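Fold and contact review
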Amino acid sequence: MSAIDPYILSGVIIVAQILAIVVPLLVAVAYLTYAERKVIGAIQLRKGPNVVGPFGLLQPFADGIKLLAKETILPAGANKLIFILAPMLTFILSLIAWAVIPFDDGMVLADINVGVLYLFAISSLGVYGVIMAGWASNSKYAFLGALRSAAQMVSYEVSLGFVIISVLLCVGSLNLSDIVMAQKTVWFAIPLFPMFVVFFISVLAETNRAPFDLPEGESELVAGYFVEYSSMSFALFFLGEYANMILMSAITAVLFLGGWLPPIDIAPLNWIPGPIWFFLKIAFVLFFFLWVRATMPRYRYDQLMRLGWKVFLPLSLFWVVLTAGVLVTFGLVPA
């Protein structure tokens, strides 16, 4: 029997690693929709999904089957190719960013030295799916929703960038594993707490979540940039939004909450595997996504832009200067 070609073997291993990330992620996306409805139901003193399966646990699968069974309607005036490509692009981008997210020490698909730049590039491309959907739909409501979303994402990416620069100044590396290991002594959420808050609020705006869900404003835009979508094309936007929520929660955990590291370096906590800590932190951040949606009213658009450009941008820029000054003054600049 001839030996297996090493290139084929390495290809099989890479595909297996990709599936090990994508399959649990898709299951997590499905049950995030269930968790959201349960959390919001509890906050509003009602039950949430409780009919399909025990405690409503099969509700996400029922929703998925319903969407699969529905007809895909293509508007007569739409640019059909771009109309179909837009949700696919949004969904694919929400998956490929996971390539550089470290789940544990050495447990990462691509441990590249410019992981932060890679994430910036992927998040910047996310706006194209929204713009393509709004333009290709040939609908004024969809187009207005797309323009809103593009302006919102660009506005808050600026403050997100400066917040991440503050973290990078403390680490001296763009590698996400290095950023986690730099938090062995103290999580960056403590010394950089104002930036942690700015980052989380900016992430809410970046993912178009309440109270910044202006692109989906039902009262004035019906449903925003995906108003003309139905069936699985709508489902891909839906899945992409929730996958982006999980991704941004993971990035928050890596940058500010110590990634896979336990809160305190003591024996009982060290026995818990790193990936478990990482998933617990992601769940913790996701809970705040759901909590905010259930309790906060939607911002006006001028308030949204004022917060991004007149509050977060000057504050994050000031914090970059302050962080650099403190590090240089006390000789804490990383090698």
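Structure first, text after, so check above.
Being a predicted model, the structure only gives us computed values, none of them experimental.

Following the criterion strictly, the structure yields 26 aromatic pairs and no others. Site record: aromatic cluster; members linked through ring pairs are F83, Y225, F226, Y229, F234, F237, F238 and Y242.

Glancing now at the packing of helix α1 (residues 6-43) against helix α9 (residues 231-256). The geometry of α1 relative to α9 is characterised by a closest axis approach of 9 Å and an angle of 95° between their N-to-C directions. It follows from the interaxial angle that α1 and α9 lie roughly perpendicular. Between α1 and α9, the contacting residues are L25, A28, V29, L32, T33 and E36 on the first element and F238, L239, Y242, A243, M245 and I246 on the second. A breakdown of the residues in the contact of α1 with α9 according to their chemical character gives 10 nonpolar, 1 polar and 1 charged.

The topology assignment puts W309 in helix α12 (residues 301-329). A relative accessible area of 39% places W309 in the partly exposed class. Each C-alpha atom, one on W309 and one on L160, is 12 Å from the other, the two residues being 149 residues apart in sequence. Aside from chain neighbours lying at most four places away, what touches W309 is S155, V158 and P314. In this structure the side chain of W309 is engaged in a polar contact, spanning 2.9 Å, whose partner is the side chain of S155.

Let us now look at empty space enclosed by the protein. Under the criterion given, the structure shown has 2 cavities of 30 Å³ or more. Along the walls of the largest cavity sit 29 residues, with S123, M153, E206, N244 and M248 positioned nearest its centre. Here the lining of the largest cavity gets 8 residues from one element, more than from any other, and that element is α9. Among the residues forming the lining of the largest cavity, the class breakdown is 18 nonpolar, 8 polar and 3 charged. Lining the second largest cavity are V100, P102, V108, A110, D111, I112, G115, N175, L176 and S177. Split into classes, the residues belonging to the lining of the second largest cavity amount to 6 nonpolar, 3 polar and 1 charged.

Parameters at a glance
Residues numbered from 1 in each chain as written. Predicted model: local features only at pLDDT ≥ 70, side-chain atom pairs only at ≥ 80, totals over all residues. Heavy atoms only, no water. Phe/Tyr/Trp six-rings, centres within 6.5 Å; stacked < 30°, edge-to-face > 60°. Axes fitted to C-alpha atoms, helices over the stretch in contact; angles between N-to-C directions. Helix = DSSP H or I, 4+ residues; strand = E, 2+ residues; numbered from the N terminus. Parallel < 35°, antiparallel > 145°, perpendicular 65-115°, else oblique. Contact = heavy atoms within 4.5 Å. Nonpolar A, V, L, I, M, F, W, Y, C, P; charged D, E, K, R; others polar. Buried < 20%, exposed > 50% of the residue type's maximum accessible area, 1.4 Å probe, protein only. Polar contact = N/O pair within 3.5 Å; in protein donor to acceptor, adjacent residues only side chain to side chain. 1 Å grid on protein atoms, 1.4 Å probe; cavity = no way out; pocket = protein on both sides within 12 Å on 5 of 7 lines; lining within 4 Å. Points joined across faces, edges and corners; volume = space filled by probe spheres on them.

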